[in-house]
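Below, each chain spelled out in residue letters.
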Amino acid sequence: MNMIEIKDLRVDYGDFTAVHDLSLSIDQGEIYGFIGPNGAGKTSTFKVLGTLLEPTFGEVTVGGYNVAEQPREVHRILGYMPDFPPVYEDLRVWEFCDLFHAAYGLPSVERKGRIDKVLKQTSLTEKRMALCGGLSRGMKQRLLLAKTLLQEPKVLILDEPASGLDPHSRIELREILKELASEGRTILISSHILTEMEGFCTSIGIIEQGRLKVSGTIEEVIRQIQPARRLLVEIIAPDPRVGKLLEDFHGVKDVQSPSPTKYNFQFTGKDAEVAKILAHLVGQSIPVKSFHEDRMDVEDVFMKVSKGEVN
Amino acid sequence: MKKLSKKVLGDLLWKNPILRMQMRQRLRPRALIIWGLITFIPCLFIFLNVYNSASFSPYEDSGEARILALKATFIPMLIAQGIILMFLGTGSVAGGMAEEKESGLLDYQRLTPMSPMAKIVGYLLGLPCREYLLLALTLPFTLISAIGGQLPLGKVILLYTIFLCVALVYHLTAMVAGMLARKPRKASWFARIMVVLLNVFLPALSQMGLTVFGHITIMPTLWGLMHSELGKDIDEEFLKLWEVVPFFSWELPPALFSFVVLGFLMVIFLFILLRKWQQDSNHSLTKRFALFVFAVLQFLMIGSLLPHLSKEMDTYLFLKEMFPLNDGLAGAILFLHLVLSLATTILLIHLVTPLRHTLAKGIRRIRKLNMAKVPSNWDAAGSLPTTLGFIGMATVVHILLLASVIQETDNGIQAQAYQLAMPITLFAFMAFYTHAARTIWPTAGFFGFLALLWILPELTGLTLAAFTQKEEPLLYFGVTNPIHALFYTISISFKELTSFFGREVRTGVGEQLSTVTFLSLAFHGGLAVLFLAMATKWKRSLQMNAANIETRKK
């Protein structure tokens, strides 16, 4: 089931168009990473999903509810965490959670249990009685996450949730998100820390200047950008046969040798055929030291897209 | 039914999370004790001081001296309570709302599934909760004053009910300011300007016959209900203004009239807040609601003005002293109606006219939805039909006032029919070009244009008049100013008003007045035609642009 469905979304601010005809659908249980530079249109898209911004046009539904026509239904199933952590400075941590527990109309008998649970999840139990104004930026960020988790939303929209978090908290955040996804919750997340996105996102989309450049599972996106995989071979001692052996193999293209013991080449075949190449080289008594794929990561993909190498 | 109302009240009041949150934040014991002492000690000081001063009366040693002294403490305590609730409370609301908006906390609240009304009530009562508590601290003084001073408790309760309603209106004003302004400081200034407007400028209009505006404050109820009880030595003529409210042919109690006027203001502010809660980019008012507001204002205006024209009703009016003949009073009342109608029209046009990007958004949306034109209830719809509605309503009320003037004036009006039609025609011209200018320009451009057009030539005229010691420059440059222009077109039918012109002008008043009247009509009429044409052309080019975008996309 598609939990988030965006069709032809356009967002204008005066004469400036922040989002151009963006279409996207995200399945239940997915963790979708929304990647883009500052001003790309990520926050505008998130605000439309969160009913905070009226789109110029386009159909946007969350959990089957139209954000423009059924905002209160959307609010019940949506947890939204903005990219900066405003808190009520004069409230205590538990009072802050209590406010949103009541505001979401959650049963009062579950109040203590739920607040304790989210504070524990976000490692804020010890700060329960502290005033929000006295928390560090990272702690405020965690408190916001706790508040977002309180209502156990079906859809979570997290705008730069890891900014301001220390490495330990980032790992904790990743684990929390994975756990939430395993419970069937859909997560849409934006982050500048691209390597982290790769660790837990099931799909990604790259947005630039308001346009969605690529979207899909990480594998699909990499395939879109780099249709042929690049393999690297390193041998112990130079052997003039290697280049010829590789070129003779079906599907191998563009064999290059940056040094006498190193070769790289493009290959369009599947994993089983990759294994056959290695077996063939070894069978010909080539002293192979290493044989691996030069795999693009999310950062490479993003850099390629933002350099305009992908349309 | 009982259960339902209990649930609704619970959601709005005692179970309201926003109200509870604000109370937690603002009623922390340490701050509360400090504020309590800051409030209680000066109030005690004022109370005892006034009591002691008033005790030295000719009735010394009699029980009456103490009663009079306690009565004397009533008003000072009311003033202190006014400062707490209306000055400090209004500041808390405006500042609190703007801060939450700026920090993004308001967006959190937007995202909760609470009803918008519960959110509004939560902030309305929660932000000034400390001030309400401080008010409660001063109430024992009022009770001592009322009971010891033998004031009728029924009247005191009624007075305090109006007092709370006035405070709620001020707090709603501040909430609107906080929601509309982008920065807390701006909100605070906006709220202060609004409070000054509601407190000083508009009530001053009640002296001019628009009784309705006096009831935005507590003053009419205070004087109307309490003056006889407090035994104050106040001018009888002044008190006449507050004892009853002449409205059409009725004489209404001031408290009832205050409830109606304050209720109307509350409805307007609540409507704006609901719209802004739903979506920050919404216009403050819908076009239909703006028409409703204009209609109610016209109704309140005609109801307040008609009794002053009637020979059967004995009303007090400052204007009656200025114009001993009926002729001038009638003209002044017509003038007042048109000036206020114009001010309301400009404000409402400003609120409901879509700006360029809203219009473009609407055009793109209807193209997407395959609609022929923007529905009239959308914010993106043009405001020309609404402007026509304003003009229509103002015309009806103007004609009704004119009919009453013709019927009630002693010697009849020495004017031609076309002369009587001039003022409302001029009003229509001004409304048209105001609408067109607002369509073309955003806020700064729009108000800049009006200032340049209406104030700069007036200033030039004043300067030249000062140098030449003649009033002609002011008279002719005044053609561009709507107040002057409306005054000319009305003066031509009501000769008593011409006494306002200077001596030199008055010598040849007939000729000069005709000239400037026709000049006014020609100038503003020309502007109306020019600007309507410009707005039409501008809208067409906008539609073309939107169409081009669509074509490129396909």
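Note that this is a predicted model, so its numbers are computed, not measured. (Residues numbered from 1 in each chain as written. Chains lettered and ligands numbered in written order. Predicted model: local features only at pLDDT ≥ 70, side-chain atom pairs only at ≥ 80, totals over all residues.)

A few words on the overall build of chain A. Scanning chain A for helices and strands turns up 11 helices and 14 strands. The 311 residues of chain A split such that 41% are buried. Across chain A, contacts joining residues at least 24 apart in sequence account for 67% of those joining residues at least 6 apart. (Helix = DSSP H or I, 4+ residues; strand = E, 2+ residues; numbered from the N terminus. Buried ≥ 20, exposed ≤ 12 C-beta atoms within 10 Å, placed from the backbone. Contact = placed C-beta atoms within 7 Å.)

Turning to the overall build of chain B, a few remarks are in order. The number of helices and strands found in chain B is 26 helices and two strands. Within chain B, the proportion of its 554 residues that are buried is 41%. In chain B, the proportion of contacts linking residues at least 24 apart, taken out of those at least 6 apart, comes to 77%.

Residue and element names in this part refer to chain A. Spatially, β2-β1-β4-β5 is the arrangement adopted by the four strands of the open sheet, whose pairing is antiparallel. Strands at the two margins of the open sheet, each flanked by one partner only, are β2 (16–27) and β5 (65–66). As paired strands, strand β1 (residues 2–13) and β2 are joined by eight bridges and run antiparallel to one another. Paired with V11 across the bridge in β2 is V19. Sitting on the sheet, helix α1 (residues 42–49) touches β1, β2 and β4 (57–62), and the angle it makes with β1 is about 120 degrees. (Pairing = 2+ DSSP bridges. Axes fitted to C-alpha atoms, helices over the stretch in contact; angles between N-to-C directions.)

Under the domain assignment, chain A is made up of domain 1 (2–223) and domain 2 (228–295). Relative placement of domain 1 of chain A and domain 2 of chain A: their C-alpha centres are 44 Å apart. (Domains from an automatic or database assignment.)

Every contact between the two is made by 25 residues of chain A and, on the other side, 20 residues of chain B. For the side of chain A that touches chain B, the elements supplying multiple residues, two or more each, are α2 (71–77) and α3 (93–103) of chain A. Broken down by element, the side of chain A that touches chain B gets its largest block of residues, five residues, from α3 of chain A. The residue inventory of the side of chain A that touches chain B, partitioned by class, reads 13 nonpolar, five polar and seven charged. (Nonpolar A, V, L, I, M, F, W, Y, C, P; charged D, E, K, R; others polar.)

Before going further, it helps to examine the sheet that holds strand β7 (residues 155–159) of chain A. Residues and elements named next belong to chain A. Spatially, the six strands line up as an open sheet ordered β6-β7-β8-β3-β9-β10, and their pairing is mixed. Unpaired on one side and paired on the other, β6 (78–81) and β10 (211–217) mark the two borders of the sheet. Direction aside, neighbouring strands of the sheet carry axes that sit 15 degrees apart on average. Sheet analysis places strand β3 (residues 31–35) next to strand β9 (residues 203–208), joined by four bridges and oriented parallel.

All names here are of chain B. Here V245 is to be found in strand β1 (residues 245–247). The exposure class of V245 is buried, given the 28 C-beta atoms found within 10 Å. With residues up to four places along the chain from it excluded, the contact list for V245 reads T211, L252, P254 and F257.

Turning to the confidence of the model for chain B, a few remarks are in order. All names here are of chain B. Scored by pLDDT, chain B has a mean of 85; 87% of the residues are at 70 or more. Low confidence marks residues 502–507, where pLDDT is under 50. Its contacts with residues over four positions away, or in another chain, come to nine contacts. Prediction confidence for the complex, expressed as pTM and ipTM, is 0.84 and 0.78 respectively. (pLDDT = per-residue confidence, 0-100.)

Time to look at the nonpolar core. Core analysis: the biggest nonpolar cluster contains 203 residues, and C97 and L143 of chain A together with M175 of chain B have the highest contact counts within it. Once you skip the residues sitting within four places of it in the chain, L143 of chain A turns out to touch V87, V93, F96, L124, C132 and L135 of chain A. V233, L246, F265 and F267 of chain A belong to the second largest nonpolar core, which has seven residues in total. (Core = buried A, V, L, I, M, F, W, Y, C linked by C-beta atoms within 7 Å.)

Another point: the environment of F201 of chain B. Residues and elements named next belong to chain B. With respect to the helices and strands, F201 occurs in helix α10 (residues 184–204). Look at F201 and you get exposed, because 11 C-beta atoms sit within 10 Å. Sequence spacing of F201 and G214 is 13 residues, and the spatial spacing of their C-alpha atoms is 9.5 Å.

This next bit is on the packing of helix α15 (residues 287–309) of chain B against helix α19 (residues 384–408) of chain B. All names here are of chain B. With their axes 10 Å apart at the nearest point, α15 and α19 run at an angle of 10 degrees to one another. Taken together, the axes of α15 and α19 are roughly parallel relative to one another. Taken together, the residues of α19 that come into contact with α15 (itself represented by K287, A290, L291, F294, A295, Q298, M301, I302, L305, L306 and L309) are T386, G389, F390, M393, A394, V397, L400, L401, S404, V405 and E408. Looking at the contact of α15 with α19 residue by residue, the classes come out as 16 nonpolar, four polar and two charged. (Parallel < 35°, antiparallel > 145°, perpendicular 65-115°, else oblique.)

Once that is clear, we can look at helix α10 (residues 271–283) of chain A. Along an α-helix, residues three or four apart share an orientation, since each turn contains 3.6 residues. Between the first and last C-alpha of α10 of chain A there are 18 Å, a value that for 13 residues agrees with the 18 Å anticipated at 1.5 Å per step. At the exit of α10 of chain A stands S285 of chain A, carrying a positive phi of roughly 60 degrees. (Expected span 1.5 Å × (residues − 1).)

Before going further, it helps to spend a moment on α19 of chain B. With 25 residues, α19 of chain B should cover 36 Å at 1.5 Å per step; its first-to-last C-alpha distance of 36 Å lies within 8% of that length. The complete set of buried residues in α19 of chain B reads T386, T387, F390, I391, A394, V397, H398, L401, S404 and V405 of chain B.

On average, residues of chain A score 87 in pLDDT, and 98% of them are at 70 or above. Looking at the elements of chain A, mean pLDDT is at its lowest for helix α7 (residues 194–200) of chain A, recorded as 74, and at its highest for α3 of chain A, recorded as 94.

This part is about the pairing of β3 of chain A. Residue and element names in this part refer to chain A. The buried count for β3 comes to five of five residues, which makes it a mostly enclosed element. Alternating residues of β3 divide into I31, G33 and I35 and Y32 and F34, and every residue in both groups is buried. Strand direction decides the pairing type here: β3 and strand β8 (residues 186–190), joined by four bridges, are parallel. By the bridge assignment, G33 is partnered in β8 with I189.

Right, let's talk about the pairing of strand β11 (residues 229–235) of chain A for a bit. Residues and elements named next belong to chain A. As judged from the six bridges shared by β11 and strand β13 (residues 262–267), these two strands associate in the antiparallel manner. Note that in β13 the partner of L231 across the bridge is F265. Where β11 meets strand β14 (residues 288–293), five bridges bridge the pair, whose relative direction is antiparallel. Within β14, the position partnered with E234 by the bridge is S290.

Even without glycine at this site, D254 of chain A takes up a positive phi of about 55 degrees. Residue placement: D254 of chain A occurs in strand β12 (residues 252–259). Non-glycine residue Q469 of chain B carries a positive phi angle of around 60 degrees. Tracing the chain through its elements places Q469 of chain B in the loop between α22 (456–468) and α23 (472–477).

When you line up the elements, T122 of chain A lands in the loop between α4 (111–121) and α5 (137–150). With 45 residues separating them in the primary sequence, T122 of chain A and I77 of chain A have C-alpha atoms 21 Å apart.

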